[in-house]
Amino acid sequence: MRVAFVGKGGAGKSSLSGTFARVLAGTGERVLALDSDPMPGMAFSLGLPQSDVGLPDEAVEEYEEEGRRRYRLRAGLTGSDAVEQYAVRSAEGVYFLQLGKARGGRWNNSRQHFGFQRLMDDLPDSGWSIVGDLPGGTRQPFATWGRYAETYLVVVEPTPASLLTGRRLARLAGMQGAPRVLVIANKVREPQDAEQVSARTGLPLLGAVPFDPAVGEADRLGLAVLDHDPQGPTATAVRSLVATLQKETERV
Ligand SMILES: Nc1ncnc2c1ncn2[C@@H]1O[C@H](COP(=O)(O)OP(=O)(O)OP(=O)(O)O)[C@@H](O)[C@H]1O
Ligand SMILES: [Mg+2]
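Cut-off values and rules
- Residues numbered from 1 in each chain as written.
- Chains lettered and ligands numbered in written order.
- Predicted model: local features only at pLDDT ≥ 70, side-chain atom pairs only at ≥ 80, totals over all residues.
- Helix = DSSP H or I, 4+ residues; strand = E, 2+ residues; numbered from the N terminus.
- Rg over C-alpha atoms; globule rule 2.2 N^0.38 Å.
- Buried ≥ 20, exposed ≤ 12 C-beta atoms within 10 Å, placed from the backbone.
- Contact = placed C-beta atoms within 7 Å.
- Pairing = 2+ DSSP bridges.
- Axes fitted to C-alpha atoms, helices over the stretch in contact; angles between N-to-C directions.
- Near = placed C-beta within 6 Å.
- Nonpolar A, V, L, I, M, F, W, Y, C, P; charged D, E, K, R; others polar.
- Expected span 1.5 Å × (residues − 1).
- Core = buried A, V, L, I, M, F, W, Y, C linked by C-beta atoms within 7 Å.
- Parallel < 35°, antiparallel > 145°, perpendicular 65-115°, else oblique.
- Left-handed = near helix turned anticlockwise from the far one by under 90°.

Focus on the overall build of the protein chain
(1) Moving on: The number of helices and strands found in the protein chain is 10 helices and 10 strands.
(2) Moving on: For the protein chain, the C-alpha radius of gyration of 18 Å lies close to 18 Å, the compact-globule estimate for 252 residues.
(3) Moving on: In terms of principal-axis extent, the alpha carbons of the protein chain reach across some 55 × 40 × 40 Å.
(4) Moving on: In the protein chain, which comprises 252 residues, the share counted as buried stands at 45%.
(5) Moving on: Considering only contacts in the protein chain between residues 6 or more positions apart, those separated by 24 or more positions represent 70%.

Quick look at the sheet that holds strand E1 (residues 2-7)
(1) Moving on: If you walk across this open sheet you meet the 8 strands as E5-E6-E2-E7-E1-E8-E9-E10, and the pairing is mixed. At either margin of the open sheet sits one strand with a lone partner, and together these are strand E5 (88-89) and strand E10 (205-210).
(2) Moving on: Here strand E9 (residues 180-188) runs beside E10; their pairing, made up of 5 bridges, is parallel. For Val188, the partnering residue across the bridge sits in E10 and is Pro210.
(3) Moving on: Where helix H1 (residues 13-26) meets the sheet, it contacts E1, strand E2 (31-35), strand E7 (129-133), strand E8 (151-156), E9 and E10, and its direction lies at approximately 165° from that of E7.
(4) Moving on: Those strands touched by helix H7 (residues 193-201) are E8, E9 and E10, and its axis lies near 140° from that of E9.

Observations concerning the pairing of strand E3 (residues 60-65)
(1) Moving on: Sheet topology note: the E3/strand E4 (residues 68-73) ladder contains 6 bridges and is antiparallel. Bridging from a neighbouring strand, Tyr63 pairs with Arg70 of E4.
(2) Moving on: If you look at the hairpin formed by E3 and E4, you'll find 2 residues sitting between the two strands, and Glu66 has a positive phi there, around 50°.

Considering the site of ligand 1
(1) Moving on: Residues in contact with ligand 1 amount to 20 residues; listed here are only the nearest, Gly12, Lys13, Ser14, Ser15 and Gly136.
(2) Moving on: When contributions to the shell around ligand 1 are tallied by element, the ones reaching two or more residues are H1, E9 and helix H8 (213-221).
(3) Moving on: Class assignment of the residues belonging to the shell around ligand 1 gives a composition of 4 nonpolar, 11 polar and 5 charged.

Observations regarding helix H6 (residues 160-175)
(1) Moving on: Between its first and last C-alpha, H6 extends 23 Å over 16 residues, near the 22 Å set by a 1.5 Å rise per residue.
(2) Moving on: Just downstream of H6, Gly177 is the residue with a positive phi angle, here 65°.

A short note on unusual backbone geometry
(1) Moving on: Even without a glycine there, the phi angle at Glu66 is positive, about 50°.
(2) Moving on: Along the chain, Glu66 turns up in the loop between E3 and E4.
(3) Moving on: Owing to 5 C-beta atoms within 10 Å, Glu66 belongs among the exposed residues under this scheme.
(4) Moving on: Positive phi values are uncommon outside glycine, yet Lys187 reaches one of about 60°.
(5) Moving on: With respect to the element layout, Lys187 can be found in strand E9.

Here we look at the nonpolar core
(1) Moving on: If you look at the biggest cluster of nonpolar residues, it comprises 74 residues, and the most contacted ones within it are Ala33 and Val154.
(2) Moving on: Filtering out sequence-adjacent residues up to four positions away, Val154 remains in contact with Val6, Gly7, Gly166, Leu169, Ala170, Val181, Val183, Thr201 and Leu203.

Quick word on the packing of H6 against H7
(1) Moving on: Orientation of H6 relative to H7, taken along the N-to-C sense of each, is 45°, at an axis distance of 8 Å. With respect to H7, the axis of H6 lies oblique. Classified by chirality, the crossing of H7 by H6 is right-handed. Contacts between H6 and H7 pair Leu163, Gly166, Arg167 and Ala170 from the former with Val197, Arg200 and Thr201 from the latter.
(2) Moving on: The residue inventory of the contact of H6 with H7, partitioned by class, reads 3 nonpolar, 2 polar and 2 charged.

Considering the environment of Pro210
(1) Moving on: By the element assignment, Pro210 lies in strand E10.
(2) Moving on: The spatial distance from the C-alpha of Pro210 to the C-alpha of Pro191 is 9.7 Å, given a sequence separation of 19 residues.
(3) Moving on: Those residues within four positions of Pro210 in sequence are excluded, and the remaining contacts are Val188, Pro233 and Ala237.

Below is the structure:
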């Protein structure tokens, strides 16, 4: 399964994607969790203390082609090797990598950015599940960051701004020929919220996650919601999202 979480800033992408990755790993899949947001987020919901797990410079090699600077993985280093060597592991064995912090005077992160793209391009189709946490907004997800995804999961809150973002993402996904796009209604308070999210974005609903104060509490404590409240409403809802998508994926 290869999914990427997208949506408006603050919709809940990081909280849900890290939890989703751990639950998926718990079902026996080998999972790479990938945070393409240079600001930390997913590490916390994975329950990891590190929040800056980029590829080291030595993993990526610079070369010139037709006068342009390009980047590739170091000779002999495959995508799988790079994950095995440089990712950190969560309690359930999820491999975690993050687009590293931009460094240097100009905060240029081309090396990280392209190193990551090459790693993803090189990762074999079978044997790896991928769960990505993409940066908020509408610009880059489909063409660059989320290229690996078979399914985009748009996280949408039942608020006008979030619904509007969800609709824009749905339209953009259509234009880019994105494989499959589903919506997750998050922070749902009323029974009709989830249906409204699906109707207003025009996207099929994968499932809903209730508004859950334990998510905010976990954030304040610097804990993963799955560790803070393992049997609570968010953990339960995410287990159901994973199960539903696994069933759907088998059917495709
Ligand atoms: N189901 C939920 N119930 C209550 N609060 C939630 C829920 N999901 C997320 N939140 C809260 O919403 C806020 C944003 O969550 P999160 O950081 O996961 O969003 P994000 O989409 O990754 O944001 P960003 O775009 O800034 O990276 C956090 O304060 C989090 O505690
Ligand atoms: Mg985030």
